[in-house]
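Report on the structure
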Amino acid sequence: MALPKVGSIGEYIREQRTHAKISLRQLAAAAGVSNPYLSQIERGLRKPSAEILNQIAKGLHISSQALYVQAGLIEEREPDSDVLTAIRADHLITERQRQVLIDIYESFRKENQQAEAPDDDAQTSQKARLAPEPRRGDADSSPDDETPLPGEYLTALKPYAAPPSNGHITKETKEG
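Note that the coordinates shown come from a computational prediction; the quantities given were computed from them, not determined experimentally.

**Structural notes on unusual backbone geometry**
- Unusually for a residue other than glycine, Lys21 sits at a positive phi of about 55 degrees.
- Here Lys21 lies in the loop between α1 (8-19) and α2 (24-31).
- Using a relative accessible area of 74% as the deciding quantity, one classes Lys21 as exposed.
- The phi dihedral of His61 falls on the positive side, at around 60 degrees, and the residue is not glycine.
- Looking at where His61 falls in the secondary structure, it is placed in the loop between α4 (50-60) and α5 (64-71).
- Classification of His61 by relative accessible area gives partly exposed; the value is 42%.

This is the structure in structure tokens:
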């Protein structure tokens, strides 16, 4: 990743502040820095520390990591997905709305990654509990079933699986 030019962090902060419709004074107050200092950062005359960037990020309601990457303090870990790029490019929503969408999207991705890679103990115990899948054509199987039922459920459901062999519908099978 190429290092940003000297003024780019300030330009980025100004852009985020403008999109969030926050004045310089409001952001300075929220971040706990003076107006002149924030103005100098935005104009590229001062390079803020990580602590100041964190305070500014809180004032803008954006992630600190975004500012750290922009300032060249850390490298971006993985490229943005098209979803993140689209969210960040949409200027019809506020910065806070963008950040909420990004947080939700990231939580879904994290949840799915954890579901795809369960630990070894969970895999072993899950394999031990699975009932054998019924073969096609068995009375207990259905073409729509994706996951087989445990054996004890199948046994309990057998009386209800098919009508009586004589073909007569009784009160028990009709209600059952």
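**A closer look at a nonpolar patch on the surface**
- Judged by side-chain polarity, Val100, Ile104 and Phe108 come together as a nonpolar surface patch covering roughly 260 Å² of accessible area.
- If you trace the backbone, Ile104 turns up in helix α7 (residues 95-116).
- Accessibility expressed as a relative area gives 40% for Ile104, which makes it partly exposed.

**What to know about the side chain of Gln99**
- Inspection of the secondary structure puts Gln99 in helix α7.
- Residues within four places of Gln99 in sequence aside, it is in contact with His61, Ile62 and Ser63.

**Section: the side chain of Glu95**
- Residue placement: Glu95 occurs in helix α7.
- Since its relative accessible area comes to 6%, Glu95 is described here as buried.
- Once you skip the residues sitting within four places of it in the chain, Glu95 turns out to touch Gln16, Ala20, Leu60, His61 and Ile62.

**Quick look at the environment of Gln99**
- Gln99 sits in the buried class, given a relative accessible area of 10%.
- Note: C-alpha distance between Gln99 and His61 (38 residues apart in sequence) is 7.3 Å.
- Side-chain polar atoms of Gln99 contact the backbone nitrogen of Ser63, separated by 3.5 Å.

**Quick notes on the packing of α1 against α5**
- Two elements in contact, α1 and α5, have axes separated by 8 Å at closest approach and are oriented at 145 degrees. With respect to the hand of their crossing, α1 and α5 are arranged in right-handed fashion. In this structure, α1 uses Ser8, Ile9, Tyr12 and Ile13 to contact α5, whose residues at the interface are Ala66, Leu67, Gln70 and Ala71.

**Thoughts on the confidence of the model for the chain**
- Looking at the chain as a whole, the pLDDT averages 75, with 60% of positions reaching at least 70.
- When the criterion is pLDDT under 50, residues 141-145 qualifies, and its contacts beyond four places in sequence or with other chains add up to 5 contacts.

**Section: the nonpolar core**
- Judged by nonpolar contacts, the single largest core of 19 residues is most densely connected at Ile13, Leu27, Leu38, Leu53, Ile56, Leu60 and Leu67.
- The element contributing the most residues to this core is α4, with 5 residues.
- The contacts of Leu60, once residues within four sequence positions are left out, are Ile13, Gln16, Arg17, Ile22, Leu27 and Glu95.

**Some thoughts on α2**
- Looking only at α2, the buried set comprises Leu27, Ala28 and Ala31. Taken end-on, α2 shows its buried residues confined to a sector of 100 degrees, consistent with a single buried face. Turned more than 90 degrees away from the buried face of α2, the exposed residues are Arg25, Ala29 and Ala30.
- Summarising the contacts, the buried residues of α2 are in contact with α1, α3 (35-42) and α4.
- Just downstream of α2 lies Gly32, where phi reads positive at about 75 degrees.

**Concerning the pattern of salt bridges**
- In total, this model carries 3 salt bridges according to the counting rule given.
- The partner of Arg17 in a salt bridge is Glu42, and the shortest N-O contact between them spans 2.7 Å. Taken as a pair, Arg17 in helix α1 and Glu42 in helix α3 lie far apart in primary sequence, 25 residues in all.
- A salt bridge links Arg98 to Glu95, with the nearest nitrogen and oxygen atoms 2.4 Å apart. With Arg98 and Glu95 both in helix α7, this residue pair falls 3 residues apart, about one helical turn.
- Exposure remark for Arg98: the relative accessible area of 2% places this residue in the buried category.
- Linked by salt bridges that have partners in common, Arg14, Arg17 and Glu42 make up one network.

Cut-offs used in this document
- Residues numbered from 1 in each chain as written.
- Predicted model: local features only at pLDDT ≥ 70, side-chain atom pairs only at ≥ 80, totals over all residues.
- Heavy atoms only, no water.
- Helix = DSSP H or I, 4+ residues; strand = E, 2+ residues; numbered from the N terminus.
- Buried < 20%, exposed > 50% of the residue type's maximum accessible area, 1.4 Å probe, protein only.
- Patch = residues over 30% accessible without salt bridge, like charges linked within 9 Å, V, L, I, M, F, W, Y side chains within 5 Å.
- Areas by Shrake-Rupley, 256 points an atom, 1.4 Å probe, with all protein chains shown as cover.
- Salt bridge = Lys/Arg side-chain N within 4 Å of Asp/Glu carboxyl O.
- Contact = heavy atoms within 4.5 Å.
- Polar contact = N/O pair within 3.5 Å; in protein donor to acceptor, adjacent residues only side chain to side chain.
- Axes fitted to C-alpha atoms, helices over the stretch in contact; angles between N-to-C directions.
- Left-handed = near helix turned anticlockwise from the far one by under 90°.
- pLDDT = per-residue confidence, 0-100.
- Core = buried A, V, L, I, M, F, W, Y, C linked by side-chain atoms within 4.5 Å.
- Arc of directions from axis to C-beta.

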